Amino acid sequence: MANGDFETVVIGGGAAGIAAARRLHKAGVKCLIIEARSRLGGRAWTSAGPSGVGLDLGCGWLHSADRNPWVTIAQEQNRSIDKTPPPWRRGSLRLGFPEGGQQEFLEAQVQFSARVSERATREPDVAASTLLEPGNRWNNLINAVGTYISGTELDQVSALDFDNYDDTGVNWRVVEGYGTTIAACGENLPAVLSCPVSRIEHHDKRLKIETSQGVIVADQAIVTLPTTVLAENDALFAPSLPEKTAAAQGLPLGLADKLFLSLADAEEFETDSRMFGSIERTATAAYHFRPFGRPQIEAYFGGQLASELEAGDERAFFDFALSELTGLLGNAFAGRVKQIQIHRWGADPFSRGSYSYARPGRASCRMKLAAPIDSRLFFAGEACSQHDFSTAHGGWITGVAAADQAISARAQA
Ligand SMILES: Cc1cc2nc3c(=O)[nH]c(=O)nc-3n(C[C@H](O)[C@H](O)[C@H](O)COP(=O)(O)OP(=O)(O)OC[C@H]3O[C@@H](n4cnc5c(N)ncnc54)[C@H](O)[C@@H]3O)c2cc1C
């Protein structure tokens, strides 16, 4: 049974929830993480792959690594940080591109970003797709990259929010896994697992949190649930909080899924190199060859393509990858790859998507979602971050901020 009495409960044990609970615990606040899954980490999840190597099915890159708090945590845990620049910074494998095409594509991307930044300074906000240059031959590929970044096509995404994302351009990885690092950070914190929260009652002086394992009473709660969970469940809060439901609806989770393949005779390919399945289509995957030098391919699917493949059968992702890879590398390539693992984040009941984007005109929803209510309901999670949304470090930063708000509200009570 999870029933008990706490000063502050943290609902959701992903990057944000762990960061919040760690801060509260250090400050001596009697707290508890209430987590629906049977593990901590949420969308950060390293699963054991072949020969025990960790496969990050969720976050893998320590984005903005030179200011990412998880780097320090990973170092404290004595983990190995790999600083090889990511494939998207080093240019793709030439395969599939015509002569000079890579450079043209990079320039088209830079110009698109410049137009988005320029437009973001003016009202009203528009869909990012309106900033594509009409007729530019690289539009479909820019849109494909958009699906990896936002989990959806550019016509769904706020140009203002897209521009608000702050990236220092430094991207590292943890060899043992980003998910392993995040889950380990929560290991010694008070937590109850396999315990979905169904209702947060805030009529009375104290909060009543209904869970699958009983009722928990607390002075304060830090809610770190994914926006999908908040948007689809307006009965979660009693009384209901329509402004939070509306803010969450403005920040849906886009979809991105990773498929790990084993690769025979991998040495033929450069370590940490990348290939697009097609440079003509938006519905194409990006193939990261030999991540960490391993004999593997990490295939990345985003947006509509990922949704359609999730709706397909067990082999849908693998079959799609195989058709693109054999199209580029010849039919014999089919004999060199086997599926290792995939996780369908859209079908996962505790995420129902991968990371948040703002709909056009809804960039301000991030601030609205993050705003506390009555000095006792606090909100955190990647979607609450104005500049580091969609990332695990965004989760950390908002978790710590919400814990600080809760601690200072306690001091003033
Ligand atoms: C395929 C993929 C690739 C990614 N790549 C990167 C990357 O390279 N770098 C990066 O920084 N980020 C990446 N991300 C995003 C990153 O993983 C997330 O932004 C981050 O982990 C979100 O943390 P969070 O704490 O905000 O949310 P979550 O991790 O979703 O935490 C919320 C928690 O709430 C729990 N929960 C849900 N419902 C309930 C309920 N009813 N009751 C109790 N608990 C509940 C969930 O189980 C979860 O543990 C990727 C994500 C995916 C899916």
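Per chain, the residues get numbers from 1 upward, laid out in the order the sequence is written. The predicted origin of the model limits local features to residues at a pLDDT of at least 70 and limits the giving and counting of side-chain atom pairs to 80 or more, whereas totals for whole chains, interfaces and linings rest on all residues.

Here the focus is the overall build of the protein. Helix numbers and strand numbers start at the N terminus; a helix is a DSSP run of H or I with at least 4 residues, a strand a run of E with at least 2. What the protein contains, in helices and strands, is 13 helices and 20 strands. The C-alpha atoms of the protein give 21 Å as radius of gyration, which agrees with the globular expectation for 413 residues (22 Å, within 12%). Our exposure labels follow a C-beta count within 10 Å of each residue's own C-beta, placed from the backbone: buried means 20 or more other C-beta atoms, exposed means 12 or fewer, and partly exposed covers the counts in between. For the protein, the residues scored as buried account for 51% of the 413 residues in total. Sequence-distant contacts, at least 24 apart, represent 73% of the contacts inside the protein between residues at least 6 apart. Between the two quantities, the radius of gyration covers C-alpha atoms and the globule rule is 2.2 Å times the number of residues to the power 0.38. Contact definition: two residues whose C-beta atoms, as placed from backbone geometry, lie within 7 Å.

This brings us to the domain arrangement of the protein. Interface size is often expressed as the accessible area that is lost when the parts come together. Each domain span listed reflects an automatic or database assignment of domains. By domain assignment, the protein separates into domain 1 (4–81 + 175–252 + 358–412) and domain 2 (87–170 + 256–342). The centre of domain 1, based on its C-alpha atoms, is set 29 Å off from the matching centre of domain 2. Taken together, the 22 residues of domain 1 in the interface contact 21 residues of domain 2. Each residue is assigned to one class: nonpolar for Ala, Val, Leu, Ile, Met, Phe, Trp, Tyr, Cys and Pro, charged for Asp, Glu, Lys and Arg, and polar for all the others, Gly among them. Of the residues assigned to the side of domain 1 that touches domain 2, the class counts are 10 nonpolar, seven polar and five charged.

Only the C-beta atom matters for nearness: placed from the backbone, it must lie within 6 Å of the molecule or strand for the residue to count as near. In the vicinity of the ligand, 40 residues are found, and the nearest of them are Gly12, Gly14, Gly42, Cys59 and Thr391. Put simply, the parts of the chain that give the shell around the ligand at least two residues each are α1 (15–26), β14 (256–263) and α13 (392–412). There are two domains that each give the shell around the ligand at least three residues, and those are domain 1 (4–81 + 175–252 + 358–412) and domain 2 (87–170 + 256–342).

On to the sheet that holds strand β16 (residues 286–289), then. Pairing between strands is defined by DSSP: at least two bridges between them are needed. Spatial strand order, β15-β16-β17-β14-β18: five strands in an open sheet with antiparallel pairing. The open sheet has two edge strands with one neighbour each: β15 (273–276) and β18 (337–342). Mean inter-strand twist for the sheet, computed between neighbouring axes without regard to direction, equals 25 degrees. Here β16 runs beside strand β17 (residues 296–302); their pairing, made up of four bridges, is antiparallel. When the sheet's bridge partners are listed, Tyr287 is paired in β17 with Ala299. Packing against the sheet, helix α10 (residues 303–311) makes contact with β14 and β17, and its axis sits at approximately 105 degrees to β17. Along the sheet, helix α11 (residues 316–329) makes contact with β14, β15, β16, β17 and β18, crossing β14 at roughly 60 degrees. Fitted lines through C-alpha atoms give the axes, limited to the stretch in contact for helices. The angle between two N-to-C directions lies from 0 to 180 degrees.

A separate point is the sheet that holds strand β6 (residues 81–82). Judged by pairing direction, the sheet is antiparallel, and its three strands sit side by side in the order β5-β7-β6 without closing on themselves. Each having just a single partner strand, β5 (61–62) and β6 make up the two edges of the open sheet. Inspection of the sheet shows β5 paired to strand β7 (residues 172–174) by two bridges, in the antiparallel sense. Considered in β7, the bridge of Trp61 is made with Arg173.

A set of buried Ala, Val, Leu, Ile, Met, Phe, Trp, Tyr and Cys residues, joined to one another through C-beta atoms within 7 Å, is what we call a nonpolar core. Val9, Ala20, Ala221 and Ile222 are the most contacted members of the largest nonpolar core, which totals 121 residues. Three or more residues apiece are contributed to this core by two domains, here domain 1 (4–81 + 175–252 + 358–412) and domain 2 (87–170 + 256–342). Those residues in contact with Ala20, other than ones at most four positions away along the chain, are Val10, Ile222, Thr224, Ala380, Gly399, Val400, Ala402 and Ala403.

Another aspect to go through is the packing of helix α2 (residues 69–76) against helix α7 (residues 178–185). Where α2 contacts α7, the axes come no closer than 10 Å and their chain directions differ by 80 degrees. With respect to α7, the axis of α2 lies roughly perpendicular. Every residue of α7 that contacts α2 at Trp70, Ile73 and Ala74 is listed here: Thr181, Ile182 and Cys185. Class assignment for the residues of the contact of α2 with α7 results in five nonpolar, one polar and no charged. Just so you know how the angles are binned, under 35 degrees is roughly parallel, over 145 roughly antiparallel, 65 to 115 roughly perpendicular, and the rest oblique.

Inspection of helix α9 (residues 242–249) places Lys244, Ala247 and Ala248 among the buried residues, and these make up the whole buried set. Buried residues of α9 fall within an arc of 95 degrees about the axis and therefore sit on the same side. Those residues of α9 that are buried are in contact with α8 (227–231) and α12 (365–370). What the arc measures is the spread of directions leading from the helix axis to the C-beta atoms.

In the segment running from Glu123 into Pro124, the intervening peptide bond is cis, with an omega of -15 degrees. A cis amide bond links Ala238 to the next residue, Pro239, at an omega of -5 degrees. In this structure, Pro239 sits in the loop between β12 (237–238) and α9. Not every positive phi belongs to a glycine, and Asn78 is a case in point at roughly 60 degrees. Checked against the element boundaries, Asn78 lands in the loop between α2 and β6. A residue is classified by how many C-beta atoms lie within 10 Å of it, and Asn78, with 7 of them, is exposed. A positive phi is found at Ser194, a non-glycine position, where the angle reads about 50 degrees.

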